[in-house]
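Fold and geometry: a report
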Amino acid sequence: MTRFFSKTVFATGLCFLGAVAGLTASPAQAEQRKVVVELFTSQGCSSCPPADALLAELAKRDDIVALALHVDYWDYIGWKDSFGDPRNTARQKAYAAARGENMVYTPQIVVNGQHAIVGTKAMKLADLIAKHKSVGRSIELQAERDGDQLRIRAEGALKAPVQVHVVRYIPQKDVKVRKGENAGRTLGYSNIVTDWSVVADWDGAAPLSISLPIKGDQPVVVLLQKIGQGPIQAVSILR
């Protein structure tokens, strides 16, 4: 069942729809615009493993930036998510507030900062990915790493100011869940977000060029998102 969190906590049954095979990219598609897929998930949520498996398949694609954000609001039901972070919960709640909603749930997927769906709706997700890939790019974003320095450059037409986000993640890790709804299961997780920072604002009046210190060997994602939890305008990834 999908888990909901609001002033009143409740649950509703759902079926896992769609085939992962339907989300396979063709060589021609891989040259198009990258799509950001954020999955809000929890180790303590019994309905999340199918969504986690779906994200693992998406993480293999070059045309998708798949990110797993583990929330902490289900920790109280018996298992503390080892990747859970209140900042991920805050990001999900900010998305809900931007849509005029007062409830969040797991598993939930947000596509390019614009469309939110139940995280197991694979066919609906495939349609959204195709829709976003068909949109032409108005911003050119480049990120490169030189030792302990991250250089970010962007240029193009903006309709509204954006924030520059830098994300780090663990590509894959298995977790043995000992308590809670998934007790006794060993679950695999992909592209687990470990840090999400806003490093600058950009109004597009002049090309963007910034340099930041960076450490560790975790992959780096740089994305430009409209201020106020709006659409993601561009993304670059360094694996």
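The preceding data block contains the structure.
Here the structure is a predicted model, which is why all the values come from computation and not from measurement.

On to the overall build of the protein. Check the secondary structure of the protein and you find three helices and 14 strands. Expressed as a percentage of the 239 residues in the protein, the buried residues total 47%. Just so you have it, the protein exposes about 11,200 Å², and 52% of that area is on carbon and sulfur atoms.

The next thing to look at is the packing of aromatic side chains. Within the structure shown, the criterion is met by four aromatic pairs. Between Phe 40 and Tyr 95 the ring centres are 6.3 Å apart and the planes differ by 80°, which places this aromatic pair in the edge-to-face class. Here Phe 40, found in strand β3 (residues 35-41), pairs with Tyr 95, found in helix α2 (residues 86-98); they are 55 residues apart in sequence, far enough to count as distant. Between Trp 74 and Tyr 76, the ring centres sit 6.3 Å apart and the planes meet at 35°, which makes this aromatic pair tilted.

Formed by 21 residues in total, the largest nonpolar core has its most connected members in Val 65, Leu 67, Trp 196 and Val 221. Sequence-distant contacts of Val 221, defined by excluding residues within four places in its chain, comprise Val 65, Leu 67, His 165, Val 166, Val 167, Tyr 169, Val 235, Ser 236 and Ile 237.

Cut-offs and rules
- Residues numbered from 1 in each chain as written.
- Predicted model: local features only at pLDDT ≥ 70, side-chain atom pairs only at ≥ 80, totals over all residues.
- Heavy atoms only, no water.
- Helix = DSSP H or I, 4+ residues; strand = E, 2+ residues; numbered from the N terminus.
- Buried < 20%, exposed > 50% of the residue type's maximum accessible area, 1.4 Å probe, protein only.
- Areas by Shrake-Rupley, 256 points an atom, 1.4 Å probe, with all protein chains shown as cover.
- Phe/Tyr/Trp six-rings, centres within 6.5 Å; stacked < 30°, edge-to-face > 60°.
- Core = buried A, V, L, I, M, F, W, Y, C linked by side-chain atoms within 4.5 Å.
- Contact = heavy atoms within 4.5 Å.

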